[in-house]
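Single-letter residue listing:
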Amino acid sequence: MNDLLMPHLARAGLAGLIHIDVGQVLGRLRAAGQGPMDRYLVACAAVQFWADLLAVGTSEGALMLTTSEEIQRQLRRAEGEADHAAQALLGKAAATPALADEPADEPASVHVALRGDAGPDALGKLLHLPMPECCGYDLADLELIAGDGRRLSGQVGLERPVLIVGIRTGGSYLAPLWKAVLGGLGVADVHWCTVRPQVGGAAVDGLPTAQAWLGRRRMPVVVVVDDQPDSGATMDGVAALLRAPGVELYFSSVGKLWRGAAARPGPANPPAVIVRDGRPPRLWQCLLPAEHPGFIARLRDTPGLPALPAQLRLQLRCPQGEARYGLGRAWLPWNAPGVLNGRRSLVNPRKTPLEICGADGKVLLHLRFVGAGVFGRAEFQRVRQMDGAPPAWFVDGYAVTLDIGAARPFREQFHAASPSARGDLLVQAANCLTAQARQVVAHAPYSPMLMALGSRWTAIVELMRERCGGNPLLQVPEPLNALLAQPAPWPGRTGKAIRSSLRYSCGDWHWQVDRQGRLHRFQQEANWGDVSFPELELAAFALENRLALADARHLASLCNLAYSSVQESLSLAALMIAEARVRSVRTLSDAGRGALCQDFQQLIKTSLELAGLDTPSSWK
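Source: prediction; values computed, not measured.

(A) Spatial organisation of helix α13 (residues 373-384). Across its 12 residues, α13 extends 17 Å between first and last C-alpha, which sits within 8% of the 16 Å expected from 1.5 Å per residue. Burial of α13 is extensive: 10 of the 12 residues sit out of reach of the surface. Where α13 is concerned, the buried positions are Gly373, Val374, Phe375, Gly376, Arg377, Ala378, Glu379, Phe380, Arg382 and Val383.

Below is the structure:
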């Protein structure tokens, strides 16, 4: 088979072939699913996967080895599953689907060949299936959606055909729920589809489905739905392609329904916490001081958590990036008065890491929001399955872990340790890195794609210089420019793409050694992460912990990686670290400005040393 494909790939100018393990991604979601809501979220994830895959297949620079017809069939089947799951969720149908299409599981793999300049960006979303904003924060409240549907039917009646057009990920979640609501109200002819506007607005994938449906209806109603539109420009752009004589057009996000231009929505429903079936509020709805007792009471009722003392208090933890570079202030809860004064209020509990402390101030538990429902639970279980994962609990979208007591960052411990202790720490680091690398979601068995990094490096250096007051020392020295001239292979020479939180957890403070000498890595749940690969993970670890060249080579051998392939990923790893440091702080303090400049210079110096290049004499 490979002999037949390779000449075709060569003619197409393709630099790499990606083999996506759909079963590993969607299967993990199914395994984590519990109840109608989870089943519904999995169905929506399948819709987005096939819709994105179809978009990649028809975009310039991509070649689908799986046929477009097969992807269309799988997309229609996934939409049918989401439709039926929505009805079951709202009590309109049994939980087991009865599809007209023949029963078939999603294939174990999909082959996608991409041109070298289109690979990582085009496939990133496909591989890591990010959690829709409306799912993660409970903005897609069923009662609010039902109310929106009732208001529409009250204005247009039940006899007219209705088309619901969902935009991107959030729209794919909302659209089948809308259909289930309208069907339950008695609308006989209702259909939904998803569209995905392309960059620049020149094309809208999925639009022919909507236009074909409209062409067969008389006096149809179209509802364009999105979760939380920024400006409404995308909704307007989609609507412009659907406007026609006889078409009555509406826009909706959760709790809002309006006509006219999407950029000028009508008055929104007042924000409210909806409590259904007598259930208490979710934990992320209890972050203001007056709500803390309820938060702690909910934790006490969590099965499996160790007994907690009588006196407890909840405190917001200041992220390490803010502590080192900023004003040392924790992020406010999403519903704090100082946050809700903006035009677009985003419920974002992931930006509020929490600690539960005893009366003496000692930290007992750490809580980080990793995502509600099946998406967060799937990532939580993925980390729990890694070798040596410490005890943890999943509560209302939070990963709850025990405090490990006094600890030192790996970098401090490693460089102060004896040779034998350093060897043990490298073995533990290798175990952590290889455990993560076993969870492959995609594989490129041929030559890797190549990522040109020069423009991103230029941008981050300029941003660093601006943030640090125009410091003339902030520059990319010539040896590093030579390194950047060589594009980084993606996903490395091993070709193994993995789910990773490296984009948010590359800081050295994520690697801690406890009093017993055990190494811990924190914030591995990757719902807010991205796609990575083993060589990149190791390169980032070596850079953040300032390993000597000999130690980095030894660690690569422990991970069964060729160090030459790790070296090729150093420039990308350094770039990700620099971008993460800028992103981790809101307002730089005077001391933080100097620390950021110093850390950037050290990052460049370590990059050159691990690449085997000369460090500028002025930096030695």
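(B) Quick look at the nonpolar core. By size, the foremost hydrophobic cluster in this structure holds 133 residues, and its most contacted members are Ile20, Leu152, Tyr173, Phe410, Trp457 and Leu555. A per-element tally of this core places helix α3 (residues 35-58) first, with 14 residues. With sequence-adjacent residues up to four places away left out, Tyr173 is seen in contact with Met37, Tyr40, Leu41, Cys44, Cys134, Cys135 and Ala140. Residues Leu305, Leu312, Leu367 and Trp393 belong to the second largest nonpolar core, which totals 23 residues.

(C) Quick look at the side chain of Thr352. One can find Thr352 in the loop between α12 (320-325) and β11 (354-358). Judged by relative accessible area, which is 2%, Thr352 ranks as buried. Once residues lying within four places of it in the same chain are set aside, the contact partners of Thr352 are Leu287, Leu316, Trp331, Leu332 and Pro333.

(D) Looking closely at the pairing of β11. When you tally the buried positions in β11, you get 5 out of 5 residues, the bulk of the element. Residues Leu354, Ile356 and Gly358 of β11 are buried on one face, and the alternating residues Glu355 and Cys357, pointing to the opposite face, are buried as well. Pairing of strand β10 (residues 312-316) with β11 involves 5 bridges; the strand directions are antiparallel. Bridging across to β11, Arg313 finds its partner in Cys357. Connecting β11 to the antiparallel partner strand β12 (residues 363-369) that follows it, the hairpin turn spans 4 residues, and Gly361 within it adopts a positive phi of roughly 90°.

Each value, and the rule that gives it
Residues numbered from 1 in each chain as written. Predicted model: local features only at pLDDT ≥ 70, side-chain atom pairs only at ≥ 80, totals over all residues. Heavy atoms only, no water. Helix = DSSP H or I, 4+ residues; strand = E, 2+ residues; numbered from the N terminus. Expected span 1.5 Å × (residues − 1). Buried < 20%, exposed > 50% of the residue type's maximum accessible area, 1.4 Å probe, protein only. Core = buried A, V, L, I, M, F, W, Y, C linked by side-chain atoms within 4.5 Å. Contact = heavy atoms within 4.5 Å. Pairing = 2+ DSSP bridges.

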